[in-house]
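Chain by chain, the residues:
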Amino acid sequence: MDSITINIQETNNETIIKFVSSTILINGGSYEYNNIDEAKNSPLAQQLFYLPFVKKVFVTANFIAIQRYDIVEWDDVADGVKEQIETYLQKGESVVTENTVKKDPIEVYAEVTPNPSVMKFGTNKALTQTDVELKNIDDASKSSPLAQELFSFPFVKEIFISENYISIMKYDMVEWNEVYHDVRAFIRNYLLEGKTIISKLPETQEDAKVQIEEKVNLSETEAKIVDILNEYIKPAVASDGGNIAFKSYDTSTKQVNVILQGACSGCPSSTITLKNGIETMLKEMLPNQVNEVVAING
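Structural notes, computed from the coordinates. All values reported here derive from a predicted model rather than from experimental measurement. (Residues numbered from 1 in each chain as written. Predicted model: local features only at pLDDT ≥ 70, side-chain atom pairs only at ≥ 80, totals over all residues. Heavy atoms only, no water.)

**Section: unusual backbone geometry**
Spelled out, the test is: Elements are defined by DSSP. Helices are runs of H or I of four residues or more, strands are runs of E of two residues or more, and each kind is numbered from the N terminus. Each residue's exposure class comes from its accessible area (1.4 Å probe, protein chains only) as a fraction of the maximum for that residue type: buried when under 20%, exposed when over 50%, partly exposed otherwise.
Of note in the backbone geometry, K254 takes a positive phi value of approximately 60° without being a glycine. Note on placement: K254 falls in the loop between β11 (242-250) and β12 (255-262). K254 sits in the partly exposed class, given a relative accessible area of 27%. Within the chain, N288 stands out as a residue other than glycine whose phi angle is a positive 65°.

**Remarks on empty space enclosed by the protein**
Stated precisely, the cut-off is as follows: The distinction between a cavity and a pocket rests on a 1 Å grid over the protein atoms alone: a 1.4 Å probe fits inside a cavity but cannot get out, while a pocket stays open yet meets protein on both sides within 12 Å along at least five of seven lines, and a residue with an atom within 4 Å of a point counts as lining. Grid points are joined across faces, edges and corners, and a volume is the space filled by probe spheres set on the points. Residue classes follow a fixed rule: Ala, Val, Leu, Ile, Met, Phe, Trp, Tyr, Cys and Pro count as nonpolar, while Asp, Glu, Lys and Arg count as charged, and any other residue, Gly among them, counts as polar.
Taken as a whole and judged by the stated rule, the model has 1 cavity of 30 Å³ or more. Reported here for the largest cavity is a volume of approximately 60 Å³. Elements represented by at least two residues in the lining of the largest cavity include exactly β8 (132-134), β9 (156-161) and β10 (165-170). In terms of residue class, the lining of the largest cavity is made up of 7 nonpolar, 2 polar and 2 charged.

**Digging into the sheet that holds strand β2 (residues 16-21)**
The following threshold applies: Only strands that DSSP links by at least two bridges are regarded as paired with each other. For helices, the fitted axis covers only the stretch in contact; all axes are lines through C-alpha atoms, and the angles between them, taken along N-to-C directions, range from 0 to 180 degrees.
Taking strand neighbours across the sheet as the criterion, the 5 strands line up as β1-β2-β5-β4-β3 in an open arrangement whose pairing is antiparallel. Every interior strand has two partners, whereas the edge strands, β1 (6-10) and β3 (31-33), have only one. Here the average twist between neighbouring strands, direction ignored, is 20°. Relative to strand β5 (residues 63-68), β2 is paired through 5 bridges, and the arrangement is antiparallel. Bridging from a neighbouring strand, V20 pairs with F63 of β5.

**Describing the environment of S167**
Structurally, S167 is set in strand β10. With 95 residues separating them along the chain, S167 and G262 place their C-alpha atoms 5.6 Å apart.

**Digging into the sheet that holds strand β6 (residues 108-112)**
Here is the rule we go by: Whether two residues are in contact is decided by their heavy atoms, any of which lying within 4.5 Å being enough.
Here 5 strands make up an open sheet; going across it, the order is β6-β7-β10-β9-β8 and the pairing antiparallel. Looking along the sheet, the strands with just one partner apiece sit at the ends: β6 and β8. Here the strands of the sheet are splayed against their neighbours by 20° on average, with no regard to which way each runs. With 5 bridges connecting them, β9 and β10 associate as antiparallel partners. Residue I161 lies in a different strand from β10, and its bridge partner there is I166. Of the strands in this sheet, β6, β7 (118-123) and β10 touch helix α5 (residues 176-192), which is tilted by about 30° from β7.

**Looking at the pattern of salt bridges**
We apply this condition: What makes a salt bridge here is a side-chain nitrogen of Lys or Arg within 4 Å of a carboxyl oxygen of Asp or Glu, nothing more.
Inspection of the entire model under this criterion finds 9 salt bridges. Measuring nitrogen to oxygen at the nearest pair gives 3.2 Å for the salt bridge that ties E158 to K135. Residue E158 is located in strand β9, and its partner K135 is located in the loop between β8 and α3 (137-143); the two are separated by 23 residues in the primary sequence. Assessed through its relative accessible area of 16%, E158 is described here as buried. Notably, a salt bridge pairs E193 with K195, separated by 3.2 Å at the nearest N-O pair. K195 gets classed as partly exposed once you look at its relative accessible area, which sits at 33%. Counted as one network, the salt bridges with shared partners bring together R68, D70 and E73.

Structure (structure tokens):
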């Protein structure tokens, strides 16, 4: 069994920090516990509530967020909590007994996107807390059983899984109106059966995740760029089945490099959106700090 590691990550709320796991904790969805009684289906959360400073516990696919009472500072206790979580996970015990939770009806709907090759399949079930992009079945076999089965459809070219939707890029051998019914039904049945969605985060994306989310390693300008992307641009892009992620910022040329994923990758209109929308907004909100925005994969 590979060693499980936990990384501490600060949030915008000084009373809450995230303990990010190197392995998947639960199969989709998220759970919030306000006290030990609510945490009956989570042995780990119950254990954490025995710590007198723990106010709330939030469990997701790849991290545990904890809110503290004001009786302590995180600087004094975070390392101890990290070790406790790592020790628990290393024993191989379940984080949440998910089959004891009442299951909500699963809905899956299909939406067209600006990219004619990509269809967005939205759902009312949380799928992942970390975006996952899979270019082929070999990538999927290492990370996502759901994506691996979707690649069995011969027209599936690439798959992007986000919080509550899956964007699928097809080859030109078929039209979406001929096949989207079958794909939608397959995804819904898969989710209804409670099968594993993501088993392991791709290693290449774990590196990107650190760059995107851990502001402690970013300069002031880079942190502002990430904030603008997250608050103003990502929601609009996600509604079209895509994603944009910060990659790097060159202080000498003032060039911002971003990664386009999902429906945005290879979309005919993405260049226009990048220049007329994203670049213009960053220039206006960060005057004299941004000259150009470049998509390194689009």
